[in-house]
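Working through the structure, step by step
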Amino acid sequence: MEKTNKGGKVFFKIIKSLLVSFIFCLVAYFFAPATALAQSASSGLYINNFSAEYKILDDSWIEVTENIDVFYETPHHGIYRYIPYRYHDSLGNVRNIRINVESVVGENGDNYIYENTQTDGNVSIKIGDLDEMVTGDFRYIITYKVWGAINYFDDEAEFYWNATGNEWLIPIYNSEARVNISDDDCLAVTGFQGYEGSKEAVDESFDNKCSWVATRALDVGEGLTIVARWPKDLTPPPSIATKVGLWLLWNWIYFLPLIVFILAFRVFLKKGKDPKGRGTIVAEFEVPEKLTPLEVGSLYDNKSGGRDFSAMIIGFAVNGYMGIKELDKKGIFGKIDYEFTKMKDLPNSAKSFEKTIFNKLFEGGETVILSSLNEKFYKTKREAEKEVFSSLVNDGYYDQSPLSAGLANFVIGVMMMVFSFFTGSVFESWFGVSMTATIISLCLSGLIVFIFGFFMSKRTERGAETREKIAGLKLYLETAEKYRMKFAEEQKLFEKFLPYAMALGVAGIWAKKFKDIYKEGETPGWYSGYHGSTFTAFAFTNSLNNSFATTVDKSFTATPSSSSSSGFSGGGGFSGGGFGGGGGGGW
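For the structure given in this document, a descriptive report is provided here. (Residues numbered from 1 in each chain as written. Predicted model: local features only at pLDDT ≥ 70, side-chain atom pairs only at ≥ 80, totals over all residues. Heavy atoms only, no water.)

Once that is clear, we can look at the overall build of the chain. Along the chain, the regular secondary structure elements total 15 helices and 23 strands. Evaluated residue by residue, the chain yields a buried proportion of 45% over its 587 residues. Counting only carbon and sulfur atoms, one obtains 57% of the accessible surface of the chain, whose full area is about 30,200 Å². (Helix = DSSP H or I, 4+ residues; strand = E, 2+ residues; numbered from the N terminus. Buried < 20%, exposed > 50% of the residue type's maximum accessible area, 1.4 Å probe, protein only. Areas by Shrake-Rupley, 256 points an atom, 1.4 Å probe, with all protein chains shown as cover.)

We now examine the packing of aromatic side chains. Enumeration according to the criterion identifies 24 aromatic pairs in this entry. With centroids separated by 6.0 Å and ring planes inclined at 85 degrees, the aromatic side chains of Trp-526 and Tyr-527 adopt a geometry described as edge-to-face. Assessed through its relative accessible area of 3%, Tyr-527 is described here as buried. Looking at Arg-229, its charged tip hangs above the ring of Phe-153, at a distance of 4.4 Å from the centre. The ring of Tyr-300 carries the charged tip of Arg-467 above its face, separated from the ring centre by 4.2 Å. (Phe/Tyr/Trp six-rings, centres within 6.5 Å; stacked < 30°, edge-to-face > 60°. Lys NZ or Arg CZ within 6 Å of the ring centre and 35° of its normal.)

A word on unusual backbone geometry. Even without glycine at this site, Lys-290 takes up a positive phi of about 55 degrees. Structurally, Lys-290 can be placed in the loop between helix H4 (256-271) and helix H5 (293-301). The class of Lys-290 is exposed, set by a relative accessible area of 77%. One non-glycine residue with positive phi stands out, namely Asn-302, at about 65 degrees. Following the sequence through the fold, Asn-302 ends up in the loop between H5 and helix H6 (306-318). Taking the relative accessible area as the measure of exposure, Asn-302 reaches 19% and is therefore buried.

Another point: the nonpolar core. Formed by 57 residues in total, the largest nonpolar core has its most connected members in Met-322, Ile-324, Phe-340, Leu-477, Phe-497 and Trp-510. Those residues within four positions of Phe-497 in sequence are excluded, and the remaining contacts are Phe-285, Glu-286, Val-287, Leu-473, Tyr-476, Leu-477 and Trp-510. Residues Tyr-54, Ile-125, Ile-142 and Val-146 belong to the second largest nonpolar core, which totals 50 residues. (Core = buried A, V, L, I, M, F, W, Y, C linked by side-chain atoms within 4.5 Å. Contact = heavy atoms within 4.5 Å.)

Let us now look at the environment of Phe-452. Among the secondary structure elements, Phe-452 is positioned in helix H11 (residues 435-452). By relative accessible area, Phe-452 is classed as buried at 12%. Distance from Phe-452 to Phe-268, taken between C-alpha atoms, is 7.4 Å for residues 184 residues apart in sequence. For Phe-452, the residues in contact, after removing those within four places along its chain, are Phe-261, Ala-264, Phe-265, Phe-268 and Asn-409.

These figures come from the coordinates and say nothing about function on their own.
Below, the structure written as structure tokens:
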């Protein structure tokens, strides 16, 4: 029996706990708004009265005056008020309005200290002095102008506006709004109060038709929304010229890339464009000014690529300093490789970049496999590249090395693109332009500056004239059949200009003109191990252009691992809808 009594007591305790919990949940459900209101009031301040007046101007601007009466129970610096300027309509379209803060004054017209910023799609007004705390009653009269908040329909214009905003962190005990439209012109009105989405009606029974008053206190998260319509002729839609003019004024940041392009182009004309040469290209039968293949290729297009270094190596071979042997493929899918054999040292008159490459090739012995140079040659190639342009500068072909001529553009361009992501909010706050527009414009501007960096390699007058002669040499190499009869020793001619044809990208065309100059079984003296079916100048050159040049380029350049919604139609109106809104709090 004792055990039974104990079990019964436990059972009744459980039932009692469940009943208490159920009653508590019911109380919390039915009295949550009142409880929240009391809790929000305990934050130390509340709004006694929020009164807003909207003056519809002839140019589609609306002048807004908000009278906000705040009571501070505990010391605060002031309040902050923010109003969205970017919205999504019922169709998901983004729509922006313009908000210009005019003033923040007190009841006697004295100016308050305030900060006005724009960020994250909101205009923020922070009122108060950081060095001063206040208590008691204060009135803040905020005046600002709004453009783009009027919706236009066939015959009517509509103002759908969230007067108080639904995001205040403090309660509002009294709220009202008024639009300065006469009763005759005010065709239709409606209003809502409560949390966002609420259709709870407000009091509209006033002498002035375009007036609204909330019927109760608004808790944290609740707001007052108004909707008014009047004849469209009363406030005609802005003209296209007005819209375009205002868009240009407010979106000037989009023109930054154009301005940057103009400035960058002017800098290019002054510091990047070559001076005029002879102005005509005529065939040249000799290499201009005895330049090396690497110099010819570099001066022609302002850069030293893998093709130019391949040409230099072929030049070493043609001039008897080394031999090239084509090796057998390793396996079915293997690639052709090459063996270099040193025949003799370069003369003392050789240029520094030639010695840099040649000595590095054979620093480990008299023979070297090309593919074994992987990753070892990257620094050497970069060093030789600097030396060739240094040589061209010293010889008067450039005022500045192309390797550094566009460096400032590259640095500034990259910085603009990177910092655009950090300055977007700053531009939005300071200049009122959207963060997205700022990022896009600065990125595009940075890209323009960066691209111009590739065109800042200005040649001197001598460099420009020599470049024209190189173009003349290229013309000759492309049209050699017109001049072949002038030369008796075609093999020597073919080999002499082959490195230059490779550097200028016309080796295939050059070789095609001499396809039958070698007899059966005959190859150049500096080349052995050809694996083609029949040796011809054209097939041989194709092999150099493809497998040889590709292998050289890979070995030399491999880096070390490392629409508007209405407040009336379709049941679209509700508390928190339309333009306006936002909220605020104390600080």
